[in-house]
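Commentary on secondary and tertiary structure
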Amino acid sequence: MVKEYKCSLCGKCHLKDRRPIKSAPLKKYVSSIIGRNIENDEVICGKCRTMFNKSAKTNVQTNNNHSEDSDSEFVVENPPIIDIQSPKTIHLNISSTHTSHKYCIICKKKGNKRVKLCVVPLKARTQAFIQNAIFVDSKARCCTSHLQELHFSQASLMILKAKYTKSFFSRTDIVALLENVRLTMSKSSILDFDNPSRLTDDDYYNLTGLTRQQFEDLSTYSTTIRQSNVRSVRTCLAILLTKLRTGLPNQIIGTIFSLTKSQVQRSIHSARTSLQSFVTQNVGFQHISHDDFVENHTTATAQTLFGNNEKVAIIVLDGTYIYIQKSSDYKFQRQSYSLHKHRPLVKPMVVVGTDGYILSVLGPYLSNGKNNDAAITKHMVAVNAEGMNEWLQQDDVCIVDRGFRDVVEYLEQQGYSVQMPLYLKKGQKQHTTEEANSSRLVTKVRWIVESVNGRLKQWRFFDKVVSNHYIPFIGELLRLVCALCNKYRPAIASSNADDIKIAEAMLDKSKKGNLVQAIVENEGLITKRVIYTLVDGSSADQLKDFPVLSEEKLRQITMGIYQLKQSPLYVREHIGEDSVYQLYVCKIKENLIKIKLQSRFSNSATHNVFVQYTLDGEISGWYCTCKVGARIVGCCAHVSSVLWYLGLHRLQNTSINSPRFTKSVLDASDLPDLDTDSDGSSVVEE
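Residue positions are counted from 1 within each chain, in the order its sequence is given. Thresholds applied to this predicted model are a pLDDT of at least 70 for local features of residues and 80 or more for the giving and counting of side-chain atom pairs; totals over whole chains, interfaces and linings are not thresholded and use all residues. Side-chain metrics rest on all non-hydrogen atoms present in the structure, leaving aside hydrogens and water.

1. Points about the overall build of the chain
- We count a stretch as a helix when DSSP gives it H or I for four or more residues in a row; a strand needs E for two or more, and each element gets its number in order from the N terminus. For the chain, the count of helices and strands is 24 helices and 20 strands.
- In this description the radius of gyration comes from C-alpha coordinates, and the expected globular size is given by 2.2 Å times residues to the power 0.38. Over its C-alpha trace the chain gives a radius of gyration of 39 Å, far above what one expects of a compact globule, namely 26 Å for 686 residues.
- Overall size of the chain, expressed as C-alpha extent along the three principal axes, is 130 × 75 × 70 Å.
- Burial analysis of the chain (686 residues in total) assigns 46% to the buried set.
- Two residues qualify as a contact provided that any one of their heavy atoms is within 4.5 Å of a heavy atom in the partner residue. Taking the intrachain contacts of the chain between residues at least 6 apart in sequence as the baseline, contacts between residues at least 24 apart amount to 68%.
- In this tally Asp and Glu are treated as negative and Lys and Arg as positive; neither His nor the chain ends contributes. By convention, charge coordinates are those of NZ in Lys, CZ in Arg, CG in Asp, or CD in Glu. For the chain, the distance from the average site of its 87 positive side-chain charges to the average site of its 68 negative ones is 11 Å. The classification of residues rests on relative accessible area computed with a 1.4 Å probe and restricted to protein chains. Under 20% of the type maximum is buried, over 50% is exposed, and intermediate values are partly exposed.

See the structure below:
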């Protein structure tokens, strides 16, 4: 078999074009490139020899004859660095893939017009070596579908397998591999959003508020961000989202991303301006039509309660607070100081659908006495903010809280229907049954805006004190977060088959009176004491005829979950340390019980709860002396706690434990008894 002679520089075999390496200058030239001494039987190809001759011409000023005999006269000074692969002569126990140009190293598919193959990028090769301990040659190829930017996808790395357990390496391969591993590991202490596989989905969500896939989608909108040497487009976007999500100072974000404070500020500004088109597509009165909003973002409960059998838009309005630093501008300091919160802040006005979809965020507004919710709403309508007057139609419903009472008449004059909880009149201690029922219909829908505000405050930038540097951009940043919630977060409230039935039942009950209240007030059952017998409701021998209630039955009675969440807390305080649930059974009224509960807001306030039930296992009525205790559209949390304990919890034989922190905080009023007659008394008798 004929021995193969390969070029010492390029590693290729040219049978007709090989030349021995004999002259000293040529040996010195080749040795300087491949980094080792030349053996006597080594050869060089004609192409590499031509490159040597060109180099010799530029370095040697004497002797213009380039024959082999004259090679010894050439002195090569500072031989040029030429991109020539050194031969693969180093054998190491490192796994590697095949190097064929025809097949993908991952899926083994043959390249053709349908299956496009590309050279594996250097970053992907380094990634495969670090994570899979597999060396990928620079000549290897793979399908383009296996790559994300310049890295392998995580799924591709999982199926990447080695073909050889031992491999031949060249000096160039080893140097390049070590250099890229060094560069990769030098960045291991900072966040790397350019490599999608470096961070998990949880990391993406915790830092940016988005999943990996959502972040990838958002990055397609950042086309105007300029790539720089210190941060990429993806890193710039990640800095802005991390700032909004965590609210960390720019110095700390700079430490995390290995940037200076000024570089972080410029990155935030670039990402904010580049996402303006994304914001206008996902939030604002003009980003969605009136009909689409009614059809897709109005719950069946809201439409049944306030729609009057017509397809109208039902929007919920509420102002939220964003606290800011105290300004050195005295005029702005006075205008931004809230007498209600006793601190400087600005107030954006949030407009949402009944499913939690954010229609628009207007403002922010100042927070002095001239900028309450009513004044802000009137200003919005008067200036036709975002063309809202053309968007809203006649008889559309605006659901608001009691802070909007001064603008109700103005909105009704514009042709809109306004629904607001009623407030107690002067000298009135409790809402009537009709007022309480009407308010409950409103709160059944209005809670959604409070939940939306809570979702927005999950982006901690708005939950903390915002630096005055960001005051000009607060509205823009808040609308960006609202657009992200609309685009990538699911609806807070959804409709199901039972919503219409529940809403119709609430409407039907709202027209009725409270029979238990009438009995209690007409017969003076609140003040009389002799007609009651004290019993222990926690005992299984007492109240055996009280109805057994399931969680589903309790939900039907309360018509909401808030009251049920408060029930264990009221029961825990009522039971106390003696684990006795005391209540009174009425002697003159069959199956009527009375419970006195402590208010959670005031030590001096207590509420009397009356519950009536039947022997066939039904709760026939209830009444509580709290502000909203007369309603029969659902019930208050005091009534709910009684029903929850007597009808469900006490039958399960489980305890209600107090939080651990209650015993770790001291009470200065808890003083030991002092015995003044003891021997240690300081009183001196004369």
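2. A closer look at the confidence of the model for the chain
- For the chain, mean pLDDT is 86; residues scoring 70 or higher make up 91% of the total.
- A residue's pLDDT is the confidence the predictor assigns to it, expressed on a 0 to 100 scale. Across residues 61-83 the pLDDT falls below 50, and counting only partners more than four positions away or on other chains, this stretch makes 31 contacts in the model.
- Every residue in residues 680-686 is under pLDDT 50, and counting partners more than four places away or in other chains gives one contact.

3. Some remarks on the environment of Leu422
- Among the structural elements, Leu422 can be located in the loop between β15 (417-419) and α18 (433-456).
- Note: C-alpha distance between Leu422 and Leu177 (245 residues apart in sequence) is 73 Å.
- Aside from chain neighbours lying at most four places away, what touches Leu422 is Arg402, His431, Glu435 and Ser439.

4. Some thoughts on the side chain of Arg231
- Positionally, Arg231 belongs in the loop between α7 (212-219) and α8 (233-246).
- Since its relative accessible area comes to 9%, Arg231 is described here as buried.
- There is a polar contact of 3.3 Å between the side chain of Arg231 and the side chain of Ser267.
- Among all residues touching Arg231, those that are not within four sequence positions of it are Ile225, Arg226, Cys236, Leu259, Ser267 and Ser270. Identification of polar contacts relies on pairs of N or O atoms within 3.5 Å, with a donor-acceptor requirement for protein atoms, meaning one able to donate a hydrogen and the other able to accept it, and with residues adjacent in sequence counted only if both atoms are side-chain atoms.

5. Examining the sheet that holds strand β19 (residues 606-613)
- By this definition, two strands are paired if DSSP reports at least two bridges between them. Spatial strand order, β16-β17-β18-β19-β20: five strands in an open sheet with antiparallel pairing. Each edge of the open sheet carries a strand with a single partner, namely β16 (532-536) and β20 (619-624). Strand-to-strand twist across the sheet, computed as the mean angle between neighbouring axes with direction ignored, equals 25°. To obtain an axis, a line is fitted to C-alpha atoms, over the contacting stretch when the element is a helix, and the angle between two such axes runs from 0 to 180 degrees between their N-to-C directions.

6. Regarding the environment of Ser55
- Assignment of secondary structure puts Ser55 in helix α2 (residues 46-59).
- A relative accessible area of 6% means that Ser55 is categorised as buried.
- Separated by 26 residues in sequence, Ser55 and Tyr29 have C-alpha atoms that sit 9.4 Å apart.

7. Regarding empty space enclosed by the protein
- A cavity here means a set of points on a 1 Å grid, drawn over the protein atoms and nothing else, where a 1.4 Å probe fits but cannot get out; a pocket is an open set with protein on both sides within 12 Å along at least five of seven lines, and a residue lines either one if it has an atom within 4 Å of a point. Grid points are joined across faces, edges and corners, and a volume is the space filled by probe spheres set on the points. All chains considered together, the criterion is met by three cavities of 30 Å³ or more.
- Considered as a void within the structure, the largest cavity measures approximately 70 Å³ in volume.
- Around the largest cavity, the lining residues are Leu122, Arg125, Thr126, Phe135, Val136, Asp173, Ala176, Leu177 and Asn180.
- For the lining of the largest cavity, the elements supplying multiple residues, two or more each, are α3 (122-132) and α5 (171-186).
- The biggest single contributor to the lining of the largest cavity is α5, with four residues.
- Roughly 50 Å³ of internal volume is contained in the second largest cavity.
- What lines the second largest cavity is Ile315, Leu317, Thr377, Val381, Met388, Leu392, Cys398, Leu411 and Tyr416.
- Counting residues per element, the ones that place at least two in the lining of the second largest cavity are β9 (314-319) and α15 (373-382).
- Class assignment for the residues of the lining of the second largest cavity results in eight nonpolar, one polar and no charged. Charged means Asp, Glu, Lys or Arg here, nonpolar means Ala, Val, Leu, Ile, Met, Phe, Trp, Tyr, Cys or Pro, and polar covers whatever is left, Gly included.

8. Observations concerning α8
- With 14 residues, α8 should reach 20 Å at 1.5 Å per residue; the first-to-last C-alpha distance of 20 Å fits that figure.
- Here α8 lies mainly inside the structure; 14 of its 14 residues are buried.
- The first or second residue beyond α8 is Gly247, which carries a positive phi of 70°. The span expected for a helix works out to 1.5 Å for each residue beyond the first.

9. Here we look at the packing of aromatic side chains
- Note on aromatic pairs: the rings of Phe, Tyr and Trp (six-membered ring only in Trp) are paired at centre separations within 6.5 Å, and the planes decide the class, stacked below 30 degrees, edge-to-face beyond 60, tilted for the rest. Summed over all chains, the structure comprises 15 aromatic pairs.
- Residues Tyr532 and Tyr584 carry aromatic rings whose centres are separated by 6.3 Å and whose planes lie at 70° to one another, so their mutual orientation is edge-to-face. Placement of the pair is Tyr532 in strand β16 and Tyr584 in strand β17 (residues 582-586), with a sequence separation of 52 residues.
- With a relative accessible area of 8%, Tyr532 lands in the buried category.

10. Concerning helix α6 (residues 201-208)
- Listing the buried residues of α6 in full gives Tyr204, Leu207 and Thr208. Projection of α6 onto a plane perpendicular to its axis shows the buried side chains occupying an angular sector of 80°, all on one side.
- Close packing links the buried residues of α6 with α7 and α8.
- Of the residues one or two after α6, Gly209 is the one with positive phi, at around 80°. Taken from the helix axis, the directions to the C-beta atoms give the arc we talk about.

11. Considering the environment of His342
- With respect to the secondary-structure elements, His342 resides in the loop between β11 (337-338) and β12 (343-353).
- In this structure the side chain of His342 is engaged in a polar contact, spanning 3.4 Å, whose partner is the backbone oxygen of Leu339.

12. Some points on the side chain of Arg272
- Secondary-structure assignment places Arg272 in helix α10 (residues 261-274).
- Looking at Arg272, its side chain comes within polar contact range of the side chain of Glu476, at 2.9 Å.
- Aside from chain neighbours lying at most four places away, what touches Arg272 is Leu240, Phe473, Glu476 and Leu477.

13. Quick word on the state of the cysteines
- Here, a disulfide means two cysteine sulfur atoms that sit within 2.5 Å of each other. In this structure the tally under the stated criterion is zero disulfides.
- Considering cysteine sulfurs only, Cys48 is the nearest to Cys45, which forms no disulfide, with 3.4 Å between them.
- For Cys48, a relative accessible area of 3% puts it in the buried group.

14. Brief notes about the pairing of β19
- For β19, a buried count of six out of eight residues is recorded, marking the element as mostly surrounded by other parts of the structure.
- In the sheet, strand β18 (residues 592-598) pairs with β19 via seven bridges, with the strands oriented antiparallel. Within β19, the position partnered with Leu597 by the bridge is His607.

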